[in-house]
Amino acid sequence: MSVATDLLVLVPPAIPILLAALVAGFVPRRAGYALGALATAYVFVVSMVVPPGEYLSTLFLGFEVQLYVVDDFSRLLGLGFGFLGTAAMAYAASSGLPKTTLAIVLSYVGSVGGVIFAGDWLTLLFFWELMAVTSTFVVWAHGGDAVRAGYRYAIAHGIGGVLLLWAVTWHYVETGTLVIDGSGIAAGAPALLAALGVGINCAFIGLHTWLPDTYPRPHLAASVFLSVFTTKSSAYVLYQAFPDGHLYLAYMGGLMAVYGATFALLQHDMRALLSYHIQAQVGYIVAGIGIGSVMGIAGAMAHLFNNILFKALLFMAVGVIIYRTGEEDLYELGGLWREMPLTATGYALGALSITAIPGFNGFISKGMILDAADPHYYGAPEYQALYWLLMLGAVGTLLSFIKLGYYAFLHGPATTSVKDAKLGQSVGMLSVGAACLGLGVAWPTLVGLLPFSAQLDLHPYSPGHLTDSGMLILVSLVGFAIIRKPLSGLGHVDDVSRVLNPLVYQTGRLSMLAVTETFRAVDAAAVSFVRTCYWIGNNPVLAVARLARRLPAWLIDDLGPADGDRTAGSGSPPDRRLDGGERIDGPRAATGGEEYEGNSDGLSRLYLRASIGTTILLIVVVLTVLLVLLS
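The structure presented is a predicted model; accordingly, all values stated were derived computationally and were not measured.

Concerning the overall build of the protein chain
Of the regular secondary structure elements, the protein chain holds 23 helices and six strands. Counting only residues that meet the buried cut, the protein chain has 51% of its 631 residues in that class. In the protein chain, of all internal contacts separated by at least 6 residues, the share reaching a separation of at least 24 is 78%. Element-wise, carbon and sulfur atoms account for 67% of the exposed surface of the protein chain, whose accessible area totals about 27400 Å².

Below you can see the structure in the form of structure tokens.
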């Protein structure tokens, strides 16, 4: 290695970014952004130059930790995050992101760098939690509605972190090591806990509520960073936990693709639409990881890399619209391509990429995942249904971005005269858009960056693939023409505020009532039992008398006083009876036969007589119970 490379291996990519975060809040705004751009560019350089290997390995509290590991996977993510981070810095500088928020954003980006270059679970957990904390502060920094959404976001990611911590702890108990060695997380309970913990960050269905709830609310430039780093780095961690894939993960990914695209299609809010499409596109990545084949994993990593680019580009373009018009509802826009041609170009590049149009990077990576699932190419028969789910998700994606582009840029005349993107915004958008187009045309360059690239035999522009793409485009255009008017008549529809939040509230309420009412019933029963025992201890014979009144007549032949309980000086006991007619020895009961006056003895003795058959039956029952208890 050269001297420069020797220096690069001594400094993990996360460190310069975290140092820039410490400084950015105290220096002039332009200097802060320059430091941020240099720090993120450092990640790109490291990923390009540093050879694969394990660097900065040491012992910490008796555990072997590897702070800095470069391999084909971390190199790919580092290239994507480094390039996008630098472009996003230029965009944010022109979009009015405050320098205090910039410092928080840089700490968030630095924590993601720590996650993707970590070589052991302990280091990964540290940066994982730092990523959750810093991203929460990125949301909170904007104030307003973002504050309450940030609390919900923090709760979700806190739960995910705890679940992953349990998984890693259990994994260590099972394996005796925390090194990420390519074997994945231990099977059984650790794997289930890891799937749930990482699944929250990956926005698995039912665990995704934080995503559309949070990402439309922060500063528009902050949304660009949030849209990329958490879900994509988490998808990589999912691969590290399940390197051999799993059928359930594959189908979860397919369902995410359909679910996210469906709810995206129903949105008015532009950033909410893009947020649901994060879930949909991560679904393709999860499906590829779940398939577990060489083609599936390579396709998942390629789509992860491409998603870093085109998803950020779409948030940039939509952010410029919001920045210039102040409008978030796409139905309040129209005809903006005449007023904002650069923004329209940036949007078009991102939309053509995410919808997998031939010539763009999304066509290459999404095609790889579809091929990995299709039994006619590389897929196994059990993935036939998954293939159709992914195809259905592709149609939903096309419909969503036809809708967004139509209402924002094409539908009717512009409602107002607005300026186009500023210089930094344009540089950020067009540089990322050029990468999306370039990697689609020069697709071997993309393939050369992928893990297992030597094992891949790709023909993305074969007649079959182009025909399938043409059919998807045609179906989507015809479908949008059919559903456009009914779709525009729908009000705000999302699963979070309409379904999931009320469901969580009602579930929590019913759970609380179940716990409190159960406690009340147990408490009341315990108090009643103690009071009854206390009364029986003070009134044993009266208790027997009460019980005897409730027994059937065939069981108790006679209820009478003992011979020794006759009243002194008389030859026979007085004829005193309880309320039910049973004779008692002693003064008559007062207050309904429950309390007795007179002798302090009350009822001193009471005879219960049963037939010989009943007596034998009772003895047998008692002996049987004792034998069962003692056996």
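Quick look at the side chain of T123
Examined against the element boundaries, T123 turns out to sit in helix α6 (residues 121-140). A distance of 2.7 Å separates the side chain of T123 from the side chain of D120, its partner in a polar contact. Filtering out sequence-adjacent residues up to four positions away, T123 remains in contact with V65, Q66, L67 and A118.

Things to note about the packing of helix α11 (residues 247-265) against helix α12 (residues 270-291)
In the contact formed by α11 and α12, the axes pass within 7 Å of each other and the chain directions differ by 160°. For the element pair α11 / α12, the angle class is roughly antiparallel. Seen from above, α11 lies across α12 with left-handed handedness. Facing L247, L249, A250, G253, G254, M256, A257, Y259, G260, A261, F263 and A264 of α11, the residues of α12 in contact are L273, Y276, H277, Q279, A280, V282, G283, Y284, V286, A287, G290 and I291. Here the residues of the contact of α11 with α12 sort into 17 nonpolar, seven polar and no charged.

Quick look at unusual backbone geometry
Phi angles above zero are rare outside glycine, and L61 is one such case at about 55°. Within the secondary structure, L61 is located in the loop between β1 (53-60) and β2 (63-70).

Focus on helix α20 (residues 463-488)
Its 26 residues place the ends of α20 36 Å apart at the C-alpha level, agreeing with the 38 Å of an ideal helix rising 1.5 Å per residue. At I482, α20 is deflected by roughly 40°, the largest bend along its length, and proline P486 occurs up to four residues later in sequence. Listed in full, the buried residues belonging to α20 are H465, S469, L472, S476, G479, F480 and L487. Lining the buried residues of α20 we find α11, α16 (361-373) and α17 (384-410).

Some thoughts on the pairing of β2
Note that β1 and β2 share seven bridges and pair antiparallel. Residue pairing for β2: L59 is matched across the bridge by E64.

Observations concerning the packing of aromatic side chains
Under the criterion given, the structure shown has 22 aromatic pairs. Geometrically, the ring pair formed by F73 and Y239 is stacked, given 4.6 Å between the ring centres and 25° between the ring planes. Remark: Y239 occurs in helix α10 (residues 220-241) and F73 occurs in helix α4 (residues 72-94); sequence separation between them is 166 residues. A single burial state applies to F73 and to Y239, both of which are buried. Residue placement shows K366 over the ring face of Y284; its charged tip is 4.7 Å from the ring centre.

Some words on the pattern of salt bridges
With the rule as written, the count across this model stands at four salt bridges. Notably, a salt bridge pairs E328 with R271, separated by 3.2 Å at the nearest N-O pair. Of this pair, E328 sits in the loop between α13 (294-325) and α14 (336-339) while R271 sits in helix α12, and the two are 57 residues apart along the sequence. A salt bridge links E517 to R520, with the nearest nitrogen and oxygen atoms 3.2 Å apart. Highlighted residues: E517 and R520, both in helix α21 (residues 495-538), separated by three residues, approximately one helical turn.

So, the environment of L342
The residue L342 is located in helix α15 (residues 341-354) in this model. As for L342 and M429, which are separated by 87 residues in sequence, their C-alpha atoms are 8.8 Å apart. Not counting residues within four places of it along the chain, the set of residues in contact with L342 comprises D420, S426, M429 and L430.

Comments concerning a nonpolar patch on the surface
A cluster of nonpolar side chains, L7, L10, V11, I15, L19, L22, V23, L35, L56 and L67, forms an exposed patch at the surface whose accessible area comes to about 820 Å². The element best represented in the nonpolar patch is helix α2 (residues 14-24), accounting for four residues. Considering the arrangement of structural elements, one finds L22 in helix α2.

Comments concerning the side chain of S400
Considering the arrangement of structural elements, one finds S400 in helix α17. By relative accessible area, S400 is classed as buried at 0%. Within the structure, S400 has its side chain in polar contact with the side chain of H277 (distance 3.0 Å). Non-local contacts of S400, meaning those with residues more than four positions away in its chain, are made with A261, A264, L265, L273 and H277.

Quick word on the packing of α4 against helix α5 (residues 99-116)
Where α4 meets α5, the closest approach of the two axes is 10 Å, and the angle between their N-to-C directions is 170°. Comparing their axes, α5 and α4 come out roughly antiparallel. Taken together, the residues of α5 that come into contact with α4 (itself represented by S74, L77, G78, F81 and M89) are L102, L106, V112 and I116.

Some points on the environment of T214
Structurally, the position occupied by T214 is in helix α9 (residues 210-214). The exposure class assigned to T214 is buried, which follows from its relative accessible area of 0%. Residues T214 and A272, 58 residues apart in the sequence, show an inter-C-alpha distance of 8.8 Å. Aside from chain neighbours lying at most four places away, what touches T214 is V139, A149 and Y153. One polar contact links the side chain of T214 to the main-chain carbonyl oxygen of W210, over a distance of 2.7 Å.

Brief notes about the confidence of the model for the protein chain
The pLDDT averaged across the protein chain works out to 87; a share of 87% of its residues lies at or above 70. A low-confidence stretch, residues 561-603 stays under pLDDT 50, and its non-local contacts, those more than four residues away or across chains, total 70 contacts.

Scoring rules and cut-offs
Residues numbered from 1 in each chain as written. Predicted model: local features only at pLDDT ≥ 70, side-chain atom pairs only at ≥ 80, totals over all residues. Heavy atoms only, no water. Helix = DSSP H or I, 4+ residues; strand = E, 2+ residues; numbered from the N terminus. Buried < 20%, exposed > 50% of the residue type's maximum accessible area, 1.4 Å probe, protein only. Contact = heavy atoms within 4.5 Å. Areas by Shrake-Rupley, 256 points an atom, 1.4 Å probe, with all protein chains shown as cover. Polar contact = N/O pair within 3.5 Å; in protein donor to acceptor, adjacent residues only side chain to side chain. Axes fitted to C-alpha atoms, helices over the stretch in contact; angles between N-to-C directions. Parallel < 35°, antiparallel > 145°, perpendicular 65-115°, else oblique. Left-handed = near helix turned anticlockwise from the far one by under 90°. Nonpolar A, V, L, I, M, F, W, Y, C, P; charged D, E, K, R; others polar. Expected span 1.5 Å × (residues − 1). Bend = angle between axes of the 7 residues up to and from the residue. Pairing = 2+ DSSP bridges. Phe/Tyr/Trp six-rings, centres within 6.5 Å; stacked < 30°, edge-to-face > 60°. Lys NZ or Arg CZ within 6 Å of the ring centre and 35° of its normal. Salt bridge = Lys/Arg side-chain N within 4 Å of Asp/Glu carboxyl O. Patch = residues over 30% accessible without salt bridge, like charges linked within 9 Å, V, L, I, M, F, W, Y side chains within 5 Å. pLDDT = per-residue confidence, 0-100.

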